[in-house]
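# Descriptive analysis of the structure
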Amino acid sequence: MRISSADVVVTSPDRNFVTLKITTDDGLTGLGDATLNGRELAVAAYLTEHVVPLIIDRDPHRIEDTWQFLYRSAYWRRGPVTMAAIAAVDMALWDIKGKAASLPVYQLLGGASRTGIRAYGHASGLDLESLFDSIRMHQSLGFTAIRVQTAVPGLRAVYGVAASAGEGTRYDYEPARRQALPAEEDWDTAAYLRHLPTVFDAVRAEFGPELTLLHDGHHRMTPNQAARLGRSLEPYDLFWLEDCTPAENPEALRRVRSQTTTPLAIGEVFNTAFDYQTLITEQLIDYVRSAVTHTGGLTPMKKLMDFAAMYQIKSGIHGPTDISPVGMAAALHLDLAIHNFGIQEYMPHGELTNEVFRQSFSFTDGDLHPGEQPGLGVELDEGAAARFPYERAYLPFNRLLDGTVHDW
Ligand code: GCO
Ligand code: MG
């Protein structure tokens, strides 16, 4: 079998997605997700100009060899654009291998280690009342684990908090911010550190001790601030505190780790297993947050999770709506197969996205399952995709109250 063509499909149903479709001379097709939120066309060009010519005529079964070839031969390694492009090829090849074997990808990764994949959803609120409503709405959908994000008194807008209760499970920025420049939000870490423990106190009082709660700090704190927050949240028994410090500096987590037993998760902006080396070998984290899409695909993610397993570190794969249904499906197959699964993030996609990407996964009683279709189990409706052309869109950014640009 040979790869006969590879096409990059850019579509924008509810938001922009970049998908690679590889076709073989046997007539099999495989899909890979290459979506890099806010920088989509950079990956599309990297694929079209530099990667597609290299994979035509290769044997699609040689996944490891193709991965190493794309990673090593370019000389320029790592980086989000490169790794998202390699991820798309890798996922598409696993999809093809699954279809060729008539097996779902999780079977090729070792088979199921569990019956379902526990997912967490995103609740948020401008005040306690709307936050409680959002938590209840997630419970009614079946979620047993819920991320809690909240507005902070005195701040206009906080990333991760839905602007109105009507937004339901969504807080992201499409389609409103399409064709616009990045929205400016504001931030005050001292106000946040004072406010957040009071919110978790109220949530525990309302919902009791059993509901699994998570929180995302979005890289905004110094090590000392993060250590203080981790300690102040200990009474509320979080499943994890995510991205408490900026991702570039793994050493920051030594300080946080030595000061608090609140579990730590990081990695959604990492691009390779190397970014985790210190964090894993020194056991500075509890959960790996990478997306399959942004870490070079299933091949390196499986290795990364096996490495993490030696240190009792588990998975918490990134699953916001900017991971396409193809990237989500890849995550679900890996989640089902690995021994050290922790939890899976799940922000349901919008209706238009589901029209373009036909999926075979299920969500029942808080658990996801990738289904039994051969391959990844996602089909791209190219006619539907063509109805939604790309539109430039930006994520927001943050300034401190004195105008200094800050992590958002
Ligand atoms: C999360 C994330 C996302 C990211 C988004 C950026 O934990 O799901 O923080 O909301 O901000 O994926 O592209
Ligand atoms: Mg996050």
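Residues numbered from 1 in each chain as written. Chains lettered and ligands numbered in written order. Predicted model: local features only at pLDDT ≥ 70, side-chain atom pairs only at ≥ 80, totals over all residues. Heavy atoms only, no water.

Below, the discussion takes up helix H8 (residues 252-259). Every buried residue of H8 is listed here: Ala252, Leu253 and Val256. Down the axis, H8 shows its buried residues gathered within 80° of arc, on one side only. In this structure, the buried residues of H8 make contact with helix H7 (223-233), strand S9 (264-266) and helix H9 (277-281). (Buried < 20%, exposed > 50% of the residue type's maximum accessible area, 1.4 Å probe, protein only. Helix = DSSP H or I, 4+ residues; strand = E, 2+ residues; numbered from the N terminus. Arc of directions from axis to C-beta. Contact = heavy atoms within 4.5 Å.)

The next thing to look at is helix H6 (residues 189-207). Along its 19 residues, H6 runs 27 Å from first to last C-alpha, staying within 8% of the 27 Å computed at 1.5 Å per residue. Within the span of H6, buried status applies to Thr189, Ala191, Tyr192, Leu193, Leu196, Pro197, Val199, Phe200, Ala202, Val203, Arg204 and Phe207. In this structure, the buried residues of H6 make contact with helix H5 (128-141), strand S5 (145-150), strand S6 (184-187), strand S7 (212-216), H7 and strand S18 (405-406). Where H6 begins, the capping side chain belongs to Asp188, and its oxygen is found 3.2 Å from the backbone nitrogen of Ala190. (Expected span 1.5 Å × (residues − 1). Polar contact = N/O pair within 3.5 Å; in protein donor to acceptor, adjacent residues only side chain to side chain.)

Now for the coordination of the magnesium ion (ligand 2). At the metal site, the magnesium ion (ligand 2) is ligated by Asp216 (OD), Glu242 (OE) and Glu268 (OE), and these contacts range over 2.0 to 2.2 Å. Read N to C, the donor residues that coordinate the magnesium ion (ligand 2) are spaced as D-x25-E-x25-E. Taken as a pair, Glu242 in strand S8 (residues 240-242) and Glu268 in the loop between S9 and H9 lie far apart in primary sequence, 26 residues in all. Residue classification places Glu242 among the buried residues on the basis of a relative accessible area of 0%. (Donors = N, O, S within 2.8 Å, 3.2 Å for Na, K, Ca; no water.)

Our focus in this paragraph is the pattern of salt bridges. Enumeration over the complete set of coordinates arrives at 19 salt bridges. Residues Lys21 and Glu382 are paired through a salt bridge, measuring 2.6 Å at the closest nitrogen-oxygen approach. With Lys21 in strand S2 (residues 17-24) and Glu382 in helix H13 (residues 382-386), this pair connects stretches of sequence that are 361 residues apart. Overall, the relative accessible area of 18% leaves Lys21 in the buried class. Between Asp133 and Arg136 there is a salt bridge whose closest N-O contact spans 3.6 Å. Taken as a pair, Asp133 and Arg136 lie in helix H5 at a separation of 3 residues, close to a single helical turn. You can call Arg136 partly exposed: its relative accessible area is 37%. Overlapping salt bridges, with partners in common, bring together Glu242, Glu268, Arg289 and Glu345 in one network. (Salt bridge = Lys/Arg side-chain N within 4 Å of Asp/Glu carboxyl O.)

Function cannot be read off these values alone, since they describe shape.
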